[in-house]
Amino acid sequence: VKVLRSIRRLEPGNVILGQYKATSGDKVDVKLNSLTPTYFAAALYIDNASWDGVPFLIKAGIGLIRHG
């Protein structure tokens, strides 16, 4: 719990939002005219002595893993 409370507030410069663009062969149901972000990436920083200056990179979204 201490580590979670030590996470620094996200700065806009440490966040990326994007949108997945489906192709005709994709099996993902995405509306092509939507402006809703479907991808998120950020660098989290923890303000304590053990993790000072170490970025934790996180990402979430659709279409990130391709199954062959």
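Reading guide: rules and limits
Residues numbered from 1 in each chain as written. Predicted model: local features only at pLDDT ≥ 70, side-chain atom pairs only at ≥ 80, totals over all residues. Heavy atoms only, no water. Helix = DSSP H or I, 4+ residues; strand = E, 2+ residues; numbered from the N terminus. Buried < 20%, exposed > 50% of the residue type's maximum accessible area, 1.4 Å probe, protein only. Contact = heavy atoms within 4.5 Å. Areas by Shrake-Rupley, 256 points an atom, 1.4 Å probe, with all protein chains shown as cover. Patch = residues over 30% accessible without salt bridge, like charges linked within 9 Å, V, L, I, M, F, W, Y side chains within 5 Å. Salt bridge = Lys/Arg side-chain N within 4 Å of Asp/Glu carboxyl O. Pairing = 2+ DSSP bridges. Axes fitted to C-alpha atoms, helices over the stretch in contact; angles between N-to-C directions.

## Focus: the overall build of the protein chain
- In terms of helices and strands, the protein chain carries one helix and three strands.
- Order of helices (α) and strands (β) in the protein chain, N terminus to C terminus: α-β-β-β.
- Each of the 68 residues in the protein chain was classed as buried or not, and the buried ones make up 10%.
- Summarising the internal contacts of the protein chain: among those between residues at least 6 apart in sequence, 41% fall at separations of at least 24.
- For the protein chain, the exposed area adds up to about 5,900 Å²; of that, 58% sits on carbon and sulfur atoms.

## Thoughts on a nonpolar patch on the surface
- On the surface, a nonpolar cluster with roughly 240 Å² of combined accessible area is contributed by Trp-51, Val-54 and Phe-56.
- Mapping Phe-56 onto the fold places it in strand β3 (residues 55-61).
- The exposure class of Phe-56 is partly exposed, given its relative accessible area of 31%.

## Thoughts on the sheet that holds strand β2 (residues 39-45)
- Judged by pairing direction, the sheet is antiparallel, and its three strands sit side by side in the order β1-β2-β3 without closing on themselves. Both outer strands of the open sheet, β1 (15-18) and β3, are each paired with one neighbouring strand and no more. Put simply, the sheet's adjacent strands are angled 10° from each other on average, direction ignored.
- Bridge analysis of β2 against β3 gives seven bridges, and the strand direction is antiparallel.

## As for the pattern of salt bridges
- One pass over the structure, following the stated rule, counts one salt bridge.
- Notably, a salt bridge pairs Asp-47 with Arg-8, separated by 2.9 Å at the nearest N-O pair. Pair noted here: Asp-47 is in the loop between β2 and β3 and Arg-8 is in the loop between α1 (2-5) and β1, with a separation of 39 residues, a long-range link.
- The class for Asp-47 is partly exposed, based on a relative accessible area of 42%.

## What to know about the environment of Tyr-45
- Counting through the fold element by element, Tyr-45 comes out in strand β2.
- A C-alpha to C-alpha distance of 5.8 Å links Tyr-45 and Ile-7, two positions 38 residues apart in sequence.
- Sequence-distant contacts of Tyr-45, defined by excluding residues within four places in its chain, comprise Ser-6, Ile-7, Arg-8, Asn-14, Gly-53, Val-54 and Pro-55.

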